[in-house]
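# Chain and residue survey
Here is what each chain is made of, one letter per residue.
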Amino acid sequence: MKSDYIWIDGNLVPFEEATVHMLSPAIHYGLAVFEGLRCYETINGPGVFRLREHIERLVNSAQIFGVLDLPYDVQDLFDATLLTIRANRFTECYIRPLIYMADGPLGLNLDASRPAVSISTWEWGKFLGDEAFSKGARMIVSSFTRLHPNVHMTKAKISGNYVNSVMAKTLAVRAGFDEAVMLDPDGYVAECTGENLFIVRNGVIHTPPRATILEGVTRDSVITIARDLNIPVIEEKVTRDQLYIADEMFVCGTAAEITHVAEIDYRVIGDGQKGPVAKQVQETFFRTVKGEGTRSEEWLDMVPVVEYSTGI
Ligand code: PPE
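In this numbering scheme, every chain counts its residues from 1 along its sequence in written order. This being a predicted model, a pLDDT of at least 70 is required before a residue's local features are given, and a value of 80 or more before pairs of side-chain atoms are given or counted; all residues contribute to the totals for chains, interfaces and linings. Heavy atoms throughout the structure, all of them, feed into the side-chain values; hydrogens and water do not.

## As for the pairing of strand β10 (residues 189-192)
Two strands pair if DSSP finds at least two bridges between them. Under the DSSP-based scheme used, a helix requires at least four consecutive residues in state H or I and a strand at least two consecutive residues in state E, with every element numbered from the N terminus. Across three bridges, strand β9 (residues 179-183) lies against β10 in antiparallel orientation. Bridge pairing links Val181 to Cys192 in β10.

Now the structure itself:
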C-alpha cells in the first residue's frame, strides 16, 4: 500500500510522515468518512472512474454524519485527487480520500473536533482475490445483520459503520469463504460487506432497492450498462432463497470491480460458471474503464500530464 506522497490538508506529505496522533478522535470512535475510487490506465493515459460522483458522495457522507465546517468543496477535492495521483506517478491505482476528525478533546460531540482531509493512493489488485475473480466467488449469508437505516446511516461511508462489515467479512473468511452476503434488519438481501449485489433470473437482472444499502457508483454503472445493452433491470427486494435459485449472481464495487459468484451457502449458482449476463456486463465495464466504451468519455476524468511541485 506504498506511495511516495499522501495529500493532507493541501500538502503532499512523504508517505512515512503521514501519521495521526494517538488522541485523534477518528481512531477512538471511528469518526471519519471515506471514499474508494480507481484510476485506470486508459488508451488516453491515466483516468479516474466517475471521480465527481465519488467526491460528491464523500461530501454527502460528511453532510449525513453532521460535519459542519468542512474546509473544502467538491472541486477542491476533485483537483486534489488528480494532483495526488500525478504526484505519485501512478498509471493505475486505488484512491482513498478520508475526512477524519483529527484533533480536539476526546468526547462524543462532533463539534468539539476539527475535520482534516487526507488522500492516499496505492496499487490494489483483485480485491476478492485472483481465484475468486476468475473462478467465481464462494459466499455465505452472514449471521450478522446489515445496518439498520436509523442506527447507522446506510448512505454514508462512515468509518465506524465498517465494524459491521469487518466482523461479517472476517467470520466468512475464517470459515473459508471469499465474502459474506448481508441481510437487512427485515431479513431481505442487502449487500455484501463491501459490494452491491445482483442476481439474474430468466434474462432479467434483479438488485435490492436503495433503502438499506450503500448507493454504489459501480452499482449505478452496472444498471446503466445493462440498460444500454437492453438487459432489463428491476430494483426490488430480493430474498435469500432467490439467491439459491438464481441463474447467475454477481457483485460489484470499486475495489471488487465486477466479480461473479459461483456458490452461496454451499449451493452452486447456475452451472457455477460466469453466466452470459455477468460476462457481457463485465466485458463492457472493463472496456469502459480502459477508455474504449461508449460511456468512457462521460465516466473518466483524465489525470493531467503536468509536473506538480511537491514543495518538498
Ligand atoms: N457496499 C458497501 C458496503 C461498500 O463498502 C461498497 C464499496 C459498495 C457497496 C460499492 O460501492 P462503489 O464502490 O461505489 O461501487 N466498498 C469499498 C471497499 C471498502 C474497503 O475498504 O474494503 C470499495 O469498493 O472501494
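Still to come is the rest of the account.
## Let's talk about the pairing of strand β4 (residues 37-42)
The buried fraction of β4 amounts to five of the six residues, a majority that puts the element mostly inside the structure. Across three bridges, the pairing between β4 and strand β6 (residues 93-103) is antiparallel. Bridge pairing links Cys39 to Cys93 in β6. The pairing of β4 with strand β5 (residues 45-49) spans four bridges and is antiparallel. Opposite Tyr40, over in β5, you have Gly47 as the bridge partner. Between β4 and β5, which follow one another and run antiparallel, lie two residues. Exposure categories follow from relative accessible area, calculated using a 1.4 Å probe and restricted to protein chains: below 20% of the type maximum is buried, above 50% is exposed, and the middle band is partly exposed.

## Examining the site of the ligand
With respect to spatial proximity, 21 residues lie near the ligand, and among them Tyr94, Tyr162, Glu191, Thr218 and Thr254 are the closest. Two N or O atoms count as a polar contact when they lie within 3.5 Å, although within protein this holds only if one can serve as hydrogen donor and the other as acceptor, and sequence-adjacent residues are included solely when both atoms are side-chain atoms. Here an oxygen atom of the ligand sits 2.5 Å away from a polar atom, N or O, in the side chain of Tyr162. At 2.7 Å from a nitrogen atom of the ligand is found a side-chain nitrogen or oxygen belonging to Glu191. Shrake-Rupley sampling with a 1.4 Å probe provides the accessible areas, and residues are treated as covered by the protein chains on show and by no other component. Here the ligand has 550 Å² of accessible area as a free molecule, and 92% of this is covered by the chains. Sorting the residues of the shell around the ligand by element identifies α2 (51-65), β6 and α6 (217-228) as the ones contributing at least two each. Class assignment for the residues of the shell around the ligand results in six nonpolar, nine polar and six charged. The domain limits used here are those given by an automatic or database domain assignment. There are two domains that each give the shell around the ligand at least three residues, and those are domain 1 (5-124) and domain 2 (130-289). By convention in this text, a residue qualifies as near a molecule or strand provided that one of its non-hydrogen atoms is within 4 Å of it. Residues are grouped as follows: Ala, Val, Leu, Ile, Met, Phe, Trp, Tyr, Cys and Pro are nonpolar; Asp, Glu, Lys and Arg are charged; all remaining types, including Gly, are polar.

## Examining the pattern of salt bridges
Here, a salt bridge means any side-chain nitrogen of Lys or Arg that lies within 4 Å of a carboxyl oxygen of Asp or Glu. Taken as a whole and assessed by the stated rule, the structure comprises 18 salt bridges. For Asp9, the salt bridge is made with Arg114, and the minimal N-O distance between the two is 3.6 Å. With Asp9 in the loop between β1 (5-8) and β2 (11-14) and Arg114 in strand β7 (residues 114-122), this pair connects stretches of sequence that are 105 residues apart. For Arg114, a relative accessible area of 39% corresponds to the partly exposed category. One salt bridge in this structure joins Arg114 and Asp103, with 3.1 Å as the shortest N-O distance. Taken together, the positions of Arg114 in strand β7 and Asp103 in strand β6 put the pair 11 residues apart, joining distant regions of the chain. Its relative accessible area of 35% is what places Asp103 among the partly exposed residues. The structure contains a network of salt bridges with shared partners spanning Asp9, Asp103 and Arg114.

## Some points on the domain arrangement of the chain
One widely used convention gives an interface's size as the accessible area the parts lose upon coming together. Taken domain by domain, the chain comprises domain 1 (5-124) and domain 2 (130-289). Here the C-alpha centre of domain 2 lies 26 Å away from the C-alpha centre of domain 1. Each side of the interface is counted separately: domain 1 has 21 residues, and domain 2 has 20 residues. As used here, buried area is the combined drop in accessible area, with a 1.4 Å probe, of two parts when they are placed together. Of the roughly 1700 Å² buried between domain 1 and domain 2, counting both surfaces, carbon and sulfur atoms make up 63%. The largest contributions to the domain 1 side of the interface with domain 2 come from Phe34, Tyr40 and Arg57, which together make up 33% of the buried area. There are two salt bridges connecting domain 1 and domain 2. Put simply, Glu257 and Arg38 hold a salt bridge, and the shortest N to O gap is 3.8 Å. Any two residues having at least one pair of non-hydrogen atoms within 4.5 Å are treated as being in contact.

## Section: the packing of aromatic side chains
Aromatic pairing here means that ring centres of Phe, Tyr or Trp (its six-membered ring) are within 6.5 Å. Orientation follows from the plane angle: under 30 degrees is stacked, over 60 is edge-to-face, and everything else is tilted. Summed over the entire model, instances satisfying the criterion amount to 12 aromatic pairs. Here Trp122 and Trp124 contribute two aromatic rings whose centre-to-centre distance is 5.4 Å and whose plane-to-plane angle is 70°, an arrangement assigned as edge-to-face. We classify Trp122 as buried; its relative accessible area is 6%. Judged by centre distance (5.0 Å) and plane angle (70°), the rings of Trp124 and Phe127 are edge-to-face. By way of ring pairs, the aromatic residues Phe49, Phe133, Phe285, Phe286 and Trp299 are connected into one cluster. The positively charged end of Lys169 is found above the aromatic ring belonging to Phe127, 5.2 Å away from the centroid. Whether a charge lies above a ring is judged from NZ of Lys or CZ of Arg, which has to be within 6 Å of the ring centre and within 35 degrees of the ring normal. One cation-aromatic arrangement involves Arg267 over Tyr244; the distance from NZ or CZ to the ring centre is 4.0 Å.

## What about α6?
Taking 1.5 Å of rise per residue, 12 residues should cover 16 Å, and α6 covers 16 Å from first to last C-alpha, within 8% of that figure. Taken across its 12 residues, α6 has nine buried, putting it largely inside the fold. Every buried residue belonging to α6 is among Val217, Thr218, Arg219, Ser221, Val222, Ile223, Thr224, Ile225 and Ala226, and all of these are buried. Here, expected helix span is obtained from the residue count minus one, scaled by 1.5 Å.

## Side note on the nonpolar core
To qualify as a nonpolar core, a set must consist of buried Ala, Val, Leu, Ile, Met, Phe, Trp, Tyr and Cys residues joined through side-chain atoms within 4.5 Å. Counting residues in hydrophobic clusters, the biggest one holds 31 residues, and the most contacted among them are Trp7, Cys39, Val48, Leu51, Ile85 and Ile95. Those elements that place two or more of their residues in this core are β1, β4, α2, α3 (74-87), β6 and β7. If one sorts the elements of this core by residue count, α3 sits on top with six residues. Aside from chain neighbours lying at most four places away, what touches Leu51 is Leu37, Phe78, Thr81, Leu82 and Asp301.

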